[in-house]
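Residue-level structural notes
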Amino acid sequence: MPTDTHKITFTINGRKMERTISPSLLLIDLIREELSLKGTKPGCLEGECGACTVLINGDAISSCLYLAVNVNGKEITTIEGLSTDDRNAPFDPVQEAMIQHGGVQCGYCTPGMVMSIKAFQEHCEANRFVPGREEIKKAIEGNLCRCTGYTKIIDAVESLFEGE
Amino acid sequence: MQKELKVIGKPMPKLDAGIKVSGKAVYGQDVVLPDMLYGAILRTEYPVAELVSIDTSKAEQLAGVVSIITADDVDVNNISYRRDHPALKKGRVNCIRDEIAAVAAETPAIAREALKLIEVKYNVQEGVFDPFEALKDDAPQINEFSSHEKNKNISHPFHYEHGDLQQQKDKSAHIVTSRYFLPRMTHACLAPCAITADYSNIDNRLTLYSVTQVPFLYQRDMAHVLKMEPSRIRVIQTVIGGGFGSKLDMYPYEPICALLAMKSGRPVQITFDREEEFIASPTRQKMVIDLTSGVDEKGKFTFRVAKIIMDNGAYTSWGATTPFVMMQTFSSMYQMPACVFDADAVYTNNVYAGSFRGYGNPQATFAVERNIDLLAEKLGMDKAEIRLLNANFRGEFTGQELEFNTCGHKDALEMVIDGVGKTRKENDKDQKRYKKGIGFASMLHVGGGAKIYPSDGCGTILKMDDYGYLTIITGSSEIGQGSETVLGMMAAEELGIGIEKIRVINTDTDIKPWDVGVHASRTSFVAGNSLLGAIKELKTKLSPKAAEMLKTDEDDLEYDGGTVKSIKTGESIKIDKVARQIHFKGPNDLLTVSHYYEPGSKFADKNFKGNISGAYAFAAQAIEVEVDTYTGNVRVLNIHMAQDVGKVLNPLGLGGQIEGGVVMGMGYALTEELKVDNGYILNPSFHEYKLPTACDIPEIHFYPIETIDEAGPYGAKGVGEAPLIPTAAAIANAVSNAIGVEIDSLPITPEKVLQALSNKS
Amino acid sequence: MNFNVASPETNEELFEVIAANQGRNFRFGAGCTDLLIELKKQPEKDLTVINLGYLNDPQFNSIENNDGSVRIGALVTANRITSDLTIQERLPVLYEAANQLASGQIRQVATIGGNLCTASPAGDMACALVALKAECEILSANGKVRVVPIEDFFTGVRKTDLKENEILRSVQIPVNNSGEKVHSGFIKVGVRRSMECSVVSLAYHIQITADDIITLAGIAIGSVAPTIKFASSACEYLTGKRFSEIGSSESEEFATKILEYASPISDIRASAWYREEVLFNISKSIFE
Ligand SMILES: Cc1cc2nc3c(=O)[nH]c(=O)nc-3n(C[C@H](O)[C@H](O)[C@H](O)COP(=O)(O)OP(=O)(O)OC[C@H]3O[C@@H](n4cnc5c(N)ncnc54)[C@H](O)[C@@H]3O)c2cc1C
Ligand code: FES
Ligand code: FES
């Protein structure tokens with residue numbers, strides 16, 4: 001059976017796009033191969049590690065278990081979409097906190113980790129909720145990190161809510 | 001030179017953190033070269049079989065396939081330091097990882113499809129999967145290249161001894177003997193292996209975009225396999241998504257990728273998926289340790305006799321040399337009058353083991369520390385006290401001739417004993433269902449490199465430009481451990497320039513000077529000393545000119561705030577101005593220097609005696625656990641970790657190394673095991689091979705101890721491996737303490753705990 | 001992995017694609033977290049995935065609070081279940097099961113319908129729904145609806161009662177609004193504290209009157225038999241008892257009754273012996 005192609009429109013990191021894709025294309029392959037955004041990492045391709053995490057309409061999902069056809073009409077944010085154009089403040093607060101608190105070692109888990117934290121931060125802010133360490137751990141439960149032992153990452157997340 | 005330090009000792013974010021948090025770091029799987037092909041490797045279906053035939057004709061017909069290789073198509077030497085490992089297997093396969101053929105194709109999907117079309121006929125045979133079976137006389141010879149020194153199936157035997165064993169036995173009030181079983185653990189780096197090879201027949205040069213942590217040894221090994229001159233191979237290290245020792249050896253996929261590129265005339269990339277990563281990358285040594293140790297009636301240790309059988313797997317990697325490290329733990333951790341140590345790496349048809357953070361030491365420490373608890377119980381002595389009584393001390397010259405010029409062992413023990421006393425009080429109440437326990441363990445590890453190769457040195461080239469920016473070209477490698485940042489900090493400290501003006505170049509063997517590679521927690525120590533030497537030489541150019549410009553003496557100068565200052569007059573001049581004067585006015589020179597540092601450590605002698613490291617690291621842990629007697633789950637509540645680090649260089653990086661190591665040790669203790677049955681791997685996925693998640697981690701309390709070791713940069717010692725080493729031992733001791741059962745194997749799964757509880761009652 | 005995708009938006013379109021694919025190879029895809037893993041391991045030839053991601057029928061997509069019941073559309077995700085206040089308050093067992101499923105990224109897309117239709121003995125939300133005696137509302141491509149009790153929905157390992165032209169539309173959960181207390185929760189045992197597939201699971205939902213009498217008990221167990229089991233004799237044992245008077249001998253008797261429903265296997269994650277031990281222990285633990 002010849003597979004059809006599908007036309008999808010979506011926004012990625014603020015840019016509107018239209019693409020014709022094969023229907024079984026995975027979102028991670030759309031992002032990495034077709035759009036050449038290599039910041040989203042393949043770690044397991046089976047939903048277990050979180051390295052491929054991106055945001056769809058602001059929510060964190062695993063792009064390795066998500067059909068690209070399902071982004072039609074939606075907004076994708078990848079790690080490349082978080083940094084700003086401002087030379088003096090190039091980072092999103094989540095990225096800045098990860099740098100300052102030593103939450104990055106080999107860095108392979110980092111893009112996915114940052115995206116999970118970003119979604120969590122926005123969720124907390126929308127609900128005026130200041131999370132404790134246990135809630136922070138839960139928020140990154142789906143992101144494996146082999147290097148840091150998580151502690152500095154948790155510190156980084158905690159710092160985002162200080163003074164609130 | 002006791003001046004106040006301005007950069008060293010203060011928290012400094014990693015230099016590469018910015019590109020990493022932005023997703024801009026280029027890892028092996030992110031490399032894209034023009035016209036690149038994708039390679040894939042056909043591995044055996046059976047662990048042990050004769051290869052009757054390999055038919056690639058159908059695969060060759062598949063559109064998009066560019067080249068296919070088998071052992072018959074290539075002229076290569078074996079890999080591994082024992083030279084016992086063919087990159088592509090011919091005639092027979094010996095373990096489930098074995099490579100039979102490889103394909104390069106236009107897309108990864110076509111390459112994988114082509115593998116399915118290769119027809120292999122096997123004559124399946126029985127294998128030997130138990131090293132004790134392999135040692136029997138009637139066992140078949142497993143590796144045809146084995147050198148037969150002691151037994152046809154022993155890849156590498158080790159024997160070490162010191163002291164008068166009989167005398168010490170006679171002195172002993174108690175003697176315990178135990179057998180310990182240590183499992184296969186695997187690195188599970190978040191980034192699976194990846195390599196890109198690019199060969200140019202115009203100048204006969206091979207460029208490899210590799211994740212090796214030992215680029216110069218790798219270059220040489222690759223050249224040996226491919227029968228090329230090493231200098232024609234350029235190794236460019238991509239950003240490495242986790243190393244932990246896994247990138248110390250070269251594996252077959254790497255020369256295979258090079259061979260595909262050479263045959264195709266186009267660049268080729270091979271990346272592993274997660275399953276292949278679990279199947280085809282190495283593990284920690286699985287081993288059985290028989291340990292007998294003694295203690296006199298006062299609680300002083302008398303002797304240790306250790307006999308170790310390691311499952312080497314079908315081929316030999318650097319991991320077979322872990323007894324070098326293990327024997328130090330048996331011979332010298334805690335004062336030890338007599339020690340006999342034997343270890344054999346035995347060939348089996350299992351997957352081969354490799355080197356892994358800690359290098360045998362977690363296994364050795366587990367055995368030693370479990371035995372200590374048993375001795376303490378026999379004596380009726382407190383488990384903290386017996387350790388304090390036997391702790392290593394400064395100035396100790398051990399039976400193995402290690403020289404402890406500085407030693408924070410006792411301090412470390414005291415700190416964690418104190419620390420755990422405090423947290424223990426906070427959650428004291430034992431319940432019916434949940435039982436709490438405390439366990440202690442120490443660790444001794446090389447902290448100033450380790451001389452296991454003819455050189456343990458590192459070269460540095462420095463270049464300061466006309467604008468006062470410094471480029472450090474170092475032989476050492478960054479694998480996420482943060483050494484690059486520490487080097488930047490040292491240069492910032494010494495030259496008084498901002499860290500943002502410092503670049504570290506460390507990824508290209510065509511450019512950087514020689515270094516033995518990342519291992520033995522050596523990088524900050526050896527590369528740091530090398531850098532400090534280079535800076536001294538740079539100053540022999542800078543200082544005379546600055547003194548001349550400031551009209552003062554060279555020893556009146558201070559480098560600070562981007563300037564060179566006269567302490568006497570307070571006058572200063574910008575460092576870039578000095579650089580320009582040197583360049584343009586006189587002596588018309590450039591600020592480039594190079595320096596090579598070789599640690600003062602010795603090669604161990606034939607009997608393995610000698611001071612093989614420039615310094616030694618000590619640590620102690622006290623761990624508090626809670627055991628759920630309903631499910632057998634062990635929850636680690638608090639980990640107190642004190643470590644003699646010599647000097648804290650970057651507290652932020654140090655903390656990260658400690659926490660990461662401790663959590664990895666927790667995985668080893670509780671959840672991680674690569675399960676192998678009759679040569680097949682049963683759990684090659686993150687679903688079944690369980691790394692700790694954020695929800696599993698305890699509170700980690702870290703107490704650095706500064707003993708300022710003269711040999712190290714600013715007094716620092718190596719840190720990278722230490723935190724993992726004692727963790728499993730301390731957790732096992734804590735679980736045993738909580739529920740009163742013997743723990744003699746890892747991981748301590750819920751099922752083992754429940755089984756032990758039920759056996760007890 | 002190569003397949004076609006059809007993404008119906010309305011029920012009419014849905015019926016059309018279902019009808020057009022009768023006798024051919026097709027699968028529904030909701031969150032696709034189970035489906036994609038399965039297809040990666042075993043690619044199917046000539047497959048069409050009927051993608052439910054754009055279906056706009058609220059009966060599939062919403063949580064409705066009716067008098068005496070809560071109705072959850074098959075496409076409602078685990079995350080939406082955990083943020084629903086009624087479920088949090090009245091059906092803690094379902095809340096906890098959904099909250100302990102996989103990770104945030106998976107919960108964001110994993111649907112309750114997918115969890116049921118996968119019919120895994122380790123399905124967390126499915127286990128809670130069995131304890132809650134939910135009913136499955138099944139829609140057929142000719143527009144007809146039938147309702148089956150959840151116990152009858154599972155017919156074997158990874159098998160359900162769904163016919164080729166049927167789709168699960170929603171589940172209905174009876175909720176007692178008389179103001180009775182609930183003692184309700186989900187216990188999931190694995191090696192890690194997160195990202196775990198259960199080695200043993202236990203869902204319990206017990207309603208207690210103001211004067212301490214147990215009026216209703218629902219107990220379900222997962223990963224200890226080919227399908228999730230409802231432990232009816234254990235439930236009957238509890239009904240009518242005073243909750244506060246259940247002591248250790250009663251809870252052990254209760255646990256023994258639950259064990260009768262277990263027929264675990266040994267696999268690489270745990271032995272049958274371990275599963276039975278733990279099931280017994282956690283069963284009695286709900287009264288501690
Ligand atoms: C990393 C990972 C961890 C996981 N952890 C857990 C866990 O802890 N606990 C747990 O219970 N599960 C777990 N799962 C399994 C899975 O996520 C859940 O079962 C989830 O609820 C499935 O929902 P889905 O929408 O993704 O289903 P899909 O994958 O879309 O569908 C699953 C199956 O149901 C069919 N189907 C879906 N919807 C319908 C419908 N409305 N009518 C008829 N058929 C339908 C599909 O054809 C398919 O066969 C895990 C999965 C992954 C990848
Ligand atoms: S790559 Fe998607 S979760 Fe691991
Ligand atoms: S920093 Fe290496 S995996 Fe997280």
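**Some words on the overall build of chain A**
Within chain A, the secondary structure is distributed over 5 helices and 5 strands. The secondary structure elements of chain A, listed N-terminal to C-terminal, are β-β-α-β-β-β-α-α-α-α. Oriented by its inertia axes, the alpha-carbon framework of chain A measures out at about 55 × 30 × 30 Å. A total of 164 residues make up chain A; the buried ones form 63% of that total.

**What to know about the domain arrangement of chain C**
With domains assigned, chain C is organised as domain 1 (4–51), domain 2 (58–174) and domain 3 (181–285). The C-alpha centroid of domain 3 of chain C is placed 36 Å from the C-alpha centroid of domain 1 of chain C.

**Concerning the confidence of the model for chain C**
Averaged over chain C, the pLDDT score is 96; the fraction of residues at 70 or greater is 100%. Reported confidences for the modelled complex are a pTM of 0.97 and an ipTM of 0.97.

**Digging into the interface of chain C and chain B**
Listed by partner, the interface residues are 22 residues for chain C and 25 residues for chain B. Summing the contributions of chain C and of chain B, the shared interface buries around 2000 Å²; its carbon and sulfur component is 56%. In terms of surface lost to chain B, no three residues of chain C exceed C:Arg192, C:Arg193 and C:Ile268, which account for 34% of the buried area on that side. Inspection of the region where chain C meets chain B yields 3 salt bridges. Counting the contacts that link chain C with chain B gives 11 residue pairs in polar contact (both at pLDDT 80 or more). For the side of chain C that touches chain B, the class distribution of residues is 10 nonpolar, 5 polar and 7 charged.

**What to know about the interface of chain B and chain A**
Opposite the 51 residues of chain B that make contact, chain A presents 43 residues. Both faces combined, the contact of chain B with chain A buries some 3700 Å², and carbon together with sulfur accounts for 60% of it. Area buried by chain B at its contact with chain A is led by B:Val21, B:Leu190 and B:Ala694, which between them contribute 19% of it. In this assembly, chain B and chain A are joined by 4 salt bridges. One salt bridge in this structure joins B:Asp30 and A:Arg32, with 2.9 Å as the shortest N-O distance. If you look at where chain B meets chain A, you find 20 residue pairs in polar contact (both at pLDDT 80 or more). Of all the secondary structure elements, the ones that give two or more residues to the side of chain B that touches chain A are α1 (17–21), α16 (651–670) and β28 (699–705) of chain B. Per-element accounting of the side of chain B that touches chain A gives the leading share, 8 residues, to α16(B). Taken together, the residues of the side of chain B that touches chain A sort by class into 27 nonpolar, 16 polar and 8 charged.

**Some points on the side chain of C:Ser184**
Residues and elements named next belong to chain C. Positionally, Ser 184 belongs in strand β11 (residues 181–189). Judged by relative accessible area, Ser 184 falls into the buried class, the value being 11%. Here the side chain of Ser 184 touches Val 93 through a polar contact of 2.9 Å, landing on its backbone nitrogen. A polar side-chain atom of Ser 184 sits 2.9 Å from a polar atom in the side chain of His 205. Beyond its immediate chain neighbours, meaning those up to four positions away, Ser 184 contacts Leu 91, Pro 92, Val 93, Glu 96, Tyr 204 and His 205.

**Thoughts on the nonpolar core**
With 278 residues, the main nonpolar core has B:Phe330, B:Phe341, C:Ile72 and C:Leu94 as its most contacted residues. With near-sequence residues (within four places) excluded, B:Phe341 lies in contact with B:Phe158, B:His159, B:Tyr160, B:Ala306, B:Ile308, B:Pro323, B:Met326, B:Met327 and B:Phe330.

**Describing the sheet that holds strand β4 (residues 59–62) of chain A**
All names here are of chain A. What the 5 strands build is an open sheet, ordered β2-β1-β5-β3-β4; its pairing is mixed. Here the strands that pair on one side only, and so sit at the sheet edges, are β2 (15–21) and β4. Each adjacent strand pair in this sheet contributes to an overall mean axis angle of 40 degrees, direction not counted. Direction of pairing for strand β3 (residues 53–56) relative to strand β5 (residues 75–77): antiparallel, over a ladder of 2 bridges. If you follow Leu 55 over to β5, its bridge partner there is Thr 77. The sheet contacts of helix α3 (residues 110–126) involve β3, β4 and β5, and relative to β3 the element is tilted by about 35 degrees.

**Focus on the packing of aromatic side chains**
Two numbers describe a pair of aromatic rings. These are the distance of the centres and the angle of the planes. All names here are of chain B. What the rule picks out here adds up to 20 aromatic pairs over all chains. A ring pair is formed by Phe 301 and Tyr 334, whose centres lie 5.6 Å apart and whose planes are at 85 degrees; its orientation type is edge-to-face. Of this pair, Phe 301 sits in strand β14 (residues 301–313) while Tyr 334 sits in the loop between α9 (323–332) and β15 (338–347), and the two are 33 residues apart along the sequence. Each member of the pair, Phe 301 together with Tyr 334, is buried. Here Phe 404 and Tyr 616 contribute two aromatic rings whose centre-to-centre distance is 5.4 Å and whose plane-to-plane angle is 65 degrees, an arrangement assigned as edge-to-face. One end of the pair, Phe 404, is in the loop between α11 (383–390) and α12 (409–426); the other, Tyr 616, is in strand β24 (residues 616–628), with 212 residues separating them in the sequence. Residue classification places Phe 404 among the buried residues on the basis of a relative accessible area of 1%.

Rules of the game
Residues numbered from 1 in each chain as written. Chains lettered and ligands numbered in written order. Predicted model: local features only at pLDDT ≥ 70, side-chain atom pairs only at ≥ 80, totals over all residues. Heavy atoms only, no water. Helix = DSSP H or I, 4+ residues; strand = E, 2+ residues; numbered from the N terminus. Buried < 20%, exposed > 50% of the residue type's maximum accessible area, 1.4 Å probe, protein only. Domains from an automatic or database assignment. pLDDT = per-residue confidence, 0-100. Contact = heavy atoms within 4.5 Å. Buried area = accessible area lost by both parts, 1.4 Å probe. Salt bridge = Lys/Arg side-chain N within 4 Å of Asp/Glu carboxyl O. Polar contact = N/O pair within 3.5 Å; in protein donor to acceptor, adjacent residues only side chain to side chain. Nonpolar A, V, L, I, M, F, W, Y, C, P; charged D, E, K, R; others polar. Core = buried A, V, L, I, M, F, W, Y, C linked by side-chain atoms within 4.5 Å. Pairing = 2+ DSSP bridges. Axes fitted to C-alpha atoms, helices over the stretch in contact; angles between N-to-C directions. Phe/Tyr/Trp six-rings, centres within 6.5 Å; stacked < 30°, edge-to-face > 60°.

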